[in-house]
Amino acid sequence: FMPAAVHRSLAPARSSRAVLSMVATEAPPATPAADTTVHSASAMTLSRFMLEQSMKNQEYQELEALMSSIQVACKMIANLVSRAGITDLTGMQGGGGSVNIQGEEQKKLDVISNDILKECLRYTGKLGVIASEEEDHPVLVEEAFSAKYVAVFDPLDGSSNIDAAISTGTIFGIFEEKEECLVEDDADLDEARLKCLLNTLQPGDNLVAAGYCMYSSSTILVFTMGNGVNGFTLDPTIGEFVLTHPNIQVPKRGKIYSFNEANSPDWDTGLQNYVEAIKSGKGESGARYSSRYIGSMVGDVHRTLLYGGIFGYPGDKKNPNGKLRLLYEAAPMSFIVEQAGGKSTTGKERIMNIHPEQVHQRVPTFLGSADDVTELEKSLK
Ligand SMILES: O=P(O)(O)OC[C@H]1O[C@](O)(COP(=O)(O)O)[C@@H](O)[C@@H]1O
């Protein structure tokens with residue numbers, strides 16, 4: 001087991017570093033920058049974090065099992081994604097039936113990530129229903145359909161980037177099932193199943209937890225349970241997610257906008273004017289904004305959370321509701337951004353208020369720094 005020493009290189013991790021340094025106060029003050037791979041037993045791992053949260057608040061006890069299975073699934077997916085080129089896991093699923101209900105051809109890793117998440121969530125026994133981007137319809141978890149939670153997820157967001165090894169991610173949201181979904185033995189199963197399935201269609205405001213795991217130069221899991229947002233980096237030397245981004249607060253205003261500008265000819269004038277203004281320093285802040293767009297929502301939202309600014313996938317003449325799915329992309333990400341002090345909107349209304357009518361419905365999405373999103377809303381009006 002490695003002796004306690006301290007990371008000196010990662011500025012954002014001050015608080016976890018503080019935790020580590022409390023333990024290692026006797027350690028020499030400045031560890032040479034070269035020494036970057038040590039964690040002490042007192043590291044704030046995600047498992048320990050959840051344990052402490054559920055000791056403080058009983059409500060989190062049941063979520064602890066769910067978060068434990070989600071982190072296992074993300075570690076497995078991270079491993080597969082990082083070795084996709086070596087293990088022939090790039091490319092399309094191929095063969096019949098590899099087009100999901102949205103008409104998108106599925107990547108091999110879309111299907112595998114979906115199976116991994118389904119399996120990891122199933123064995124918690126806490127889930128009655130799951131809805132996934134890769135499942136045409138919500139799936140009833142037979143073993144536990146009298147359980148308490150509903151999980152919605154995009155198993156591998158941005159998978160169009162996977163073959164180029166550009167960042168991708170998993171997005172998840174957890175709802176509580178509505179009371180009447182609890183099925184008694186003699187109940188009419190079909191009716192109950194319908195109720196359970198309908199339980200999947202809940203507004204973002206009903207989320208009890210949401211998060212994403214980004215697979216990039218680091219694997220970072222960021223989530224909220226409605227009590228702030230925390231980020232954990234996977235340390236491959238111990239195979240654990242370690243707290244590196246405590247209590248994330250998105251800057252009130254940023255200097256970066258993130259849209260697929262190739263669609264701008266089809267945007268409405270208000271949005272075109274807004275982007276022109278911030279590009280040329282004629283926006284409210286007077287600053288000239290720069291553009292960043294990865295084309296993976298998880299990567300673009302993660303950067304926006306840390307650096308500020310605005311990310312969006314607007315509706316346009318071709319796709320009036322844009323591209324992002326409300327239930328397992330826009331709503332979970334909106335919960336995280338709002339919990340980090342940011343804002344999220346369709347341009348007309350708060351995304352978290354919207355009651356989904358279909359599992360795969362799309363919604364125009366703008367989220368990020370509160371002042372930037374407010375300025376955009378004014379332009380769209
Ligand atoms: O290539 P486009 O049209 O800009 O779309 C990019 C957007 O589509 C997505 O890839 C959609 O997600 P999926 O990959 O899960 O279908 C988002 O991650 C991203 O923000």
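Residues take numbers from 1 onward in each chain, read along the sequence in its written order. Totals for whole chains, interfaces and linings use every residue, but because this is a predicted model, local features are given only for residues with pLDDT of at least 70 and side-chain atom pairs only at 80 or more, for both listing and counting. Heavy atoms from the whole structure form the basis of all side-chain values; hydrogens and water molecules are not counted.

### Quick look at the UniProt feature "domain: Fructose-1-6-bisphosphatase class 1 C-terminal" (unreviewed entry) in the chain
Turning to step 1, where the next piece is worked out: UniProt positions are given in the numbering used here, feature names are shortened, and annotations may be inferred rather than shown by experiment. UniProt's feature table lists "domain: Fructose-1-6-bisphosphatase class 1 C-terminal" (unreviewed entry) at residues 250-380, given in the numbering used throughout.
Turning to step 2, where the next piece is worked out: For the purposes of this entry, the term helix denotes a DSSP run of H or I that reaches at least four residues, the term strand denotes a run of E that reaches at least two, and both are numbered from the N terminus. Overall, residues 250-380 shows 36% helix and 12% strand. The separation of its end C-alpha atoms is 23 Å.

### Notes on the side chain of Asp154
Turning to step 1, where the next piece is worked out: With respect to the element layout, Asp154 can be found in strand 3 (residues 149-157).
Turning to step 2, where the next piece is worked out: Buried means the residue's accessible area, taken with a 1.4 Å probe over protein chains only, is under 20% of the maximum for its type, while exposed means over 50%, and partly exposed covers the values in between. We score Asp and Glu as negative and Lys and Arg as positive, and we do not count His or the chain ends. Within this document, salt bridges are pairs made up of a side-chain nitrogen of Lys or Arg and a carboxyl oxygen of Asp or Glu, the two lying within 4 Å of each other. One buried charge, Asp154, has no salt-bridge partner; the nearest side chain with opposite charge is Arg325, at 5.0 Å.
Turning to step 3, where the next piece is worked out: Two residues form a contact once any of their heavy atoms are found within 4.5 Å. Discounting residues that sit within four places of it in the chain, Asp154 has contacts with Glu133, Gly169, Thr170, Ile171, Tyr328 and Glu329.

### Observations regarding the sheet that holds strand 6 (residues 219-224)
Turning to step 1, where the next piece is worked out: Here eight strands make up an open sheet; going across it, the order is 2-1-3-4-5-6-7-8 and the pairing mixed. Unpaired on one side and paired on the other, strand 2 (139-140) and strand 8 (240-245) mark the two borders of the sheet.
Turning to step 2, where the next piece is worked out: Two strands pair when backbone bridges link them, and strand 3 and strand 4 (residues 168-176) are joined in this way by seven bridges, in the antiparallel orientation. When the bridges of strand 4 are listed, Tyr149 appears paired with Glu176.
Turning to step 3, where the next piece is worked out: In the packing of helix 2 (residues 46-56) onto the sheet, contacts are made with strand 6, strand 7 (229-235) and strand 8, and the angle to strand 6 comes to roughly 10°.
Turning to step 4, where the next piece is worked out: In this analysis, axes come from line fits to C-alpha atoms, helices being fitted only over the stretch in contact, and the angle between any two N-to-C directions falls in the range 0 to 180 degrees. With respect to the sheet, helix 3 (residues 60-82) is in contact with strand 1 (127-132), strand 3, strand 4, strand 5 (207-215), strand 6, strand 7 and strand 8, its orientation differing from that of strand 4 by roughly 165°. We treat two strands as partners when DSSP finds at least two bridges between them.

### Topic: the packing of aromatic side chains
Turning to step 1, where the next piece is worked out: For Phe, Tyr and Trp, rings pair up if their centres lie within 6.5 Å, where Trp contributes its six-membered ring, and each pair is then called stacked (planes under 30 degrees apart), edge-to-face (over 60) or tilted (otherwise). Counting across every chain of the model gives six aromatic pairs.
Turning to step 2, where the next piece is worked out: Ring plane angle 80° and centroid distance 5.8 Å describe the contact between Phe259 and Trp267, whose orientation is recorded as edge-to-face. Judged on exposure class, the residue Phe259 and its partner Trp267 are both buried.
Turning to step 3, where the next piece is worked out: When the ring of Phe259 is compared with that of Phe366, the centres are 6.0 Å apart and the planes differ by 80°; the resulting orientation is edge-to-face. Taken together, the positions of Phe259 in the loop between strand 9 (256-258) and helix 6 (269-279) and Phe366 in strand 13 (residues 365-368) put the pair 107 residues apart, joining distant regions of the chain. Grouping residues by exposure puts Phe259 and Phe366 together as buried.

### Some thoughts on unusual backbone geometry
Turning to step 1, where the next piece is worked out: One non-glycine residue, Ala165, adopts positive backbone phi at about 55°.
Turning to step 2, where the next piece is worked out: With respect to the secondary-structure elements, Ala165 resides in the loop between strand 3 and strand 4.
Turning to step 3, where the next piece is worked out: In this structure Ala165 comes out as exposed when scored by relative accessible area, which is 73%.
Turning to step 4, where the next piece is worked out: Although it is not a glycine, Asn247 sits at a positive phi angle of roughly 45°.

### Focus on the environment of Leu327
Turning to step 1, where the next piece is worked out: Within the secondary structure, Leu327 is located in helix 8 (residues 326-339).
Turning to step 2, where the next piece is worked out: A residue is classified by how much of its surface remains accessible, and Leu327, at 2% relative accessible area, is buried.
Turning to step 3, where the next piece is worked out: For the pair formed by Leu327 and Gln361, sequence separation is 34 residues and the distance between their alpha carbons is 7.5 Å.
Turning to step 4, where the next piece is worked out: Apart from the residues lying within four places of it in its own chain, the contact partners of Leu327 are Ala131, Val152, Phe175, Thr200, Gln202, Pro332, Pro356 and Val359.

### Considerations on the pairing of strand 7
Turning to step 1, where the next piece is worked out: For strand 7, a buried count of seven out of seven residues is recorded, marking the element as mostly surrounded by other parts of the structure.
Turning to step 2, where the next piece is worked out: For strand 6 and strand 7, the ladder comprises five bridges, and the chain directions are antiparallel. When the bridges of strand 7 are listed, Ile220 appears paired with Thr233.
Turning to step 3, where the next piece is worked out: The antiparallel hairpin formed by strand 6 and strand 7 contains four residues in its connecting segment, where Gly226 sits at a positive phi of about 85°.
Turning to step 4, where the next piece is worked out: Across five bridges, strand 7 lies against strand 8 in antiparallel orientation. Paired with Asp235 across the bridge in strand 8 is Glu240.
Turning to step 5, where the next piece is worked out: Between the end of strand 7 and the start of strand 8, which pair antiparallel, lie four residues, with Gly239 showing a positive phi angle near 65°.

### Some words on the site of the ligand
Turning to step 1, where the next piece is worked out: Proximity criterion: a residue is near a molecule or strand once any of its heavy atoms comes within 4 Å of it. With respect to spatial proximity, 17 residues lie near the ligand, and among them Asp154, Asn260, Tyr293, Met297 and Tyr313 are the closest.
Turning to step 2, where the next piece is worked out: Within the side chain of Glu133, a nitrogen or oxygen atom sits 2.9 Å from an oxygen atom of the ligand.
Turning to step 3, where the next piece is worked out: Residue-level accessible areas treat just the shown protein chains as cover; the underlying method is Shrake-Rupley with a 1.4 Å probe. Compared with its free state, where it exposes 470 Å², the ligand has 87% of that area covered by protein.
Turning to step 4, where the next piece is worked out: Note that Gly is not counted as nonpolar here; it falls among the polar residues with everything else outside the nonpolar set of Ala, Val, Leu, Ile, Met, Phe, Trp, Tyr, Cys and Pro and the charged set of Asp, Glu, Lys and Arg. Tallied by class, the residues present in the shell around the ligand amount to five nonpolar, five polar and seven charged. Here a polar contact is recorded for every N or O atom pair within 3.5 Å, except that within protein the pair must consist of a potential hydrogen donor and a potential acceptor, and residues adjacent in sequence are included only if both atoms are side-chain atoms.

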